[in-house]
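# Breakdown of the fold
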Amino acid sequence: MRIIKNILLGATIISLCSCNMDFEPTTSYTDQTFWYSAKNAEGGLTACYIPLLSSTMFGDASVALEECATPNAYCYSNSLNWSDIAKGSHTADGAVFSGRWHNCYVGIGRCNTLLDNIDKNQELSVDDIGKMKAQARFLRAFYYYLLVVYYNSAPLITSSPNLSQASLPRTEHRKIVSFILSELDSIASILPTSYGKEGTGRPTKGAALALKAKLLLFEASPLCNPDNNLERWREAADAAKAVIDLGIYDLYPKYGELFTLKAEGCKESIFDLECISSPKGNGHSFDLVMRQYNGAAPLKDLVDTYLMKDGKKRAESAYKNSKSYKDMDPRFYATIVYPGATWMGEKVTSNNTNKNFTNKQTGFIYRKYTVYTDKAPSNADKNLGKNCSPINIMLLRYADMLLIYAEAKNALGEMNATIWDHTVKTIRKRAGFTVAGALNYPSTPEAVKEALLYERRIEFAGEGTWYNDLRRLRLAETLMNNISVQKFDGTVIEDRSFNVNRDYWWPVPTKQMENNPQLAPNNPNW
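Residues numbered from 1 in each chain as written. Predicted model: local features only at pLDDT ≥ 70, side-chain atom pairs only at ≥ 80, totals over all residues. Heavy atoms only, no water.

In this structure the tally under the stated criterion is 36 salt bridges. Glu-407 is the partner of Arg-472 in a salt bridge, and the nearest nitrogen-oxygen pair spans 2.8 Å. Residue Arg-472 is located in helix H18 (residues 466–472), and its partner Glu-407 is located in helix H13 (residues 398–411); the two are separated by 65 residues in the primary sequence. Across the pair Arg-456 and Asp-469 runs a salt bridge, and its minimum N-O distance is 3.0 Å. With Arg-456 in helix H17 (residues 445–459) and Asp-469 in helix H18, the pair connects residues that are 13 residues apart, well separated along the chain. The same class applies to Arg-456 as to Asp-469, namely buried. One continuous salt-bridge network, built from bridges that share partners, spans Glu-268, Asp-329, Arg-331, Lys-368, Arg-397, Arg-428, Arg-430, Glu-455, Glu-459 and Glu-463. (Salt bridge = Lys/Arg side-chain N within 4 Å of Asp/Glu carboxyl O. Helix = DSSP H or I, 4+ residues; strand = E, 2+ residues; numbered from the N terminus. Buried < 20%, exposed > 50% of the residue type's maximum accessible area, 1.4 Å probe, protein only.)

A separate point is the packing of aromatic side chains. Applying the stated criterion across every chain, the model contains 33 aromatic pairs. With centroids separated by 5.1 Å and ring planes inclined at 85°, the aromatic side chains of Trp-101 and Tyr-151 adopt a geometry described as edge-to-face. Note that Trp-101 is positioned in helix H4 (residues 95–117) and Tyr-151 in helix H5 (residues 126–151), a separation of 50 residues in sequence. Of the two residues, Trp-101 and Tyr-151, both sit in the buried class. When the ring centre of Tyr-195 is taken as origin, the NZ or CZ atom of Arg-202, which lies over that ring, is 4.2 Å away. Across from the ring centre of Phe-433, 5.9 Å away, lies the NZ or CZ of Arg-428, which sits over that ring. (Phe/Tyr/Trp six-rings, centres within 6.5 Å; stacked < 30°, edge-to-face > 60°. Lys NZ or Arg CZ within 6 Å of the ring centre and 35° of its normal.)

The topology assignment puts Asn-410 in helix H13. You can call Asn-410 buried: its relative accessible area is 15%. Setting aside anything within four residues of it in sequence, one finds Asn-410 in contact with Met-415, Pro-445, Val-448, Lys-449 and Leu-452. (Contact = heavy atoms within 4.5 Å.)

The terminal C-alpha atoms of H17, which comprises 15 residues, lie 20 Å apart, in line with the 21 Å expected from a rise of 1.5 Å per residue. Every buried residue of H17 is accounted for by Val-448, Ala-451, Leu-452, Tyr-454, Glu-455, Arg-456, Arg-457, Ile-458 and Glu-459. (Expected span 1.5 Å × (residues − 1).)

Alignment of strand E11 (residues 483–486) against strand E12 (residues 492–496), held across 4 bridges, turns out to be antiparallel. Looking across to E12, one finds that Ser-484 is bridged to Asp-495. In this antiparallel pair of consecutive strands, E11 and E12, the connection spans 5 residues, and Gly-490 shows a positive phi of 95°. (Pairing = 2+ DSSP bridges.)

Take the nonpolar core next. The biggest cluster of nonpolar side chains holds 160 residues, and the ones touching the most others in it are Phe-138 and Ile-180. Broken down by element, this core gets its largest block of residues, 17 residues, from H5. When near neighbours in sequence (up to four residues on either side) are disregarded, Ile-180 contacts Ala-141, Tyr-144, Tyr-145, Val-148 and Leu-215. (Core = buried A, V, L, I, M, F, W, Y, C linked by side-chain atoms within 4.5 Å.)

Moving on, we come to the packing of H13 against H17. Helix packing geometry: the angle between the two helix axes and the distance between the axes. Direction vectors running N to C along H13 and H17 enclose 160°, while the axes themselves pass 10 Å from each other. When the interaxial angle is binned, H13 and H17 end up roughly antiparallel. When the axes of H13 and H17 are compared, the crossing they make is left-handed. In this structure, H13 contributes Ala-399, Asp-400, Leu-403, Ile-404, Ala-406, Glu-407 and Asn-410 to the contact, and H17 contributes Pro-445, Val-448, Lys-449, Leu-452, Glu-455, Arg-456 and Glu-459. Classifying every residue of the contact of H13 with H17 gives 7 nonpolar, 1 polar and 6 charged. (Axes fitted to C-alpha atoms, helices over the stretch in contact; angles between N-to-C directions. Parallel < 35°, antiparallel > 145°, perpendicular 65-115°, else oblique. Left-handed = near helix turned anticlockwise from the far one by under 90°. Nonpolar A, V, L, I, M, F, W, Y, C, P; charged D, E, K, R; others polar.)

See the structure below:
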């Protein structure tokens, strides 16, 4: 994303950013003439991507902050009200509730505007227009995916913004899901499998199929499938297998390196949020938030969850007497900065006396998606500011597809050693496990289920996925309720609760309900 400009499109201001163009509006346009030129059409398409960079979507440090709603992490500043969500004290006015709803509809409106108007273009080929429309349809599906996963239901709008849409009621959950799935199936045959080196950050056929798999996993899980309809699990398994069978994705060989600039565009990344280090703020804020504020700080509960390198819990492990943080799951060292480790050229202290960073909130820091290593950073890196971090954030990655397939097959009673070896074992070998006990196929379905839950938490720790895993599996009422979260040394930070009758779904924001009474009723107990 090289350039961000503002242009007038109809009656709305659209922020534009582009990976491959230098777009400078030189005149004003009408709704009729704007779409005539190729540059304007490309600008209109890139505007559809912009909401993804919002701080309430995936920009700033939002991905890491979502961890703070779970026992994985803690946010001392209550940024976007994530700490309120963790404590069960949130209201329908919460910043992330309002912001995510708003930005989803900003994106949907822009996508609909492009889809209704791009055929007016007088310079692009029919094939180019078709592919641009497929990108917009993917993005619109992605925004609706977020709405159904967090808010349960919302108005389904497929035409350009107009005043009549301001009084639409919410569309039933399954109808939106059906719409998303239909769109993804349709555009999967249009989108290319790759755009080459210049096309990272744009959706491909694999991205459409991967988003379908994620949605179907959510729909198959207990939150949306209380009667355990096995056909839903079959659909999730088939969707994940379709991504695997494309044969174009693979695990990146080094787990720790996966979240660095070196791995950008690798075979594991299916769809990512493009970021660059720029004074204009075209990146994210992981470096600033982790280094200067410890603003999304890992908790002891997460650290204690890591198995030892023989694949066993510490109390049962041959390494149970290993000192401090020795001999743990290798992913621990690629994910967590801990007291005694080396980071940014310093040995990490337990009393917050380091010069280049702070770990005062919990004693731990997330490493993922920061530019920092064990070595001392350059002055430029040491002072990276808000939205200036350059590492792309993977929104869809191949390891997720492997675990979706494994989880769905296990739910169907069809898990076996071959599937285990091609999914979980492969992921653990990539992580650095070598001991047979950590790699071998478990003896019971219950043990497989426990291993899969472990993998979802640890493989994606710091990536903002655990909150939705706990929700979809209806485990939040146990693992997020009546708990005390702690610093590295066991000091209690706060108590947390989860209202089983209310908190599985986000509320429609208060302002939206006031502006449009047709959105009522809100989700249960809001």
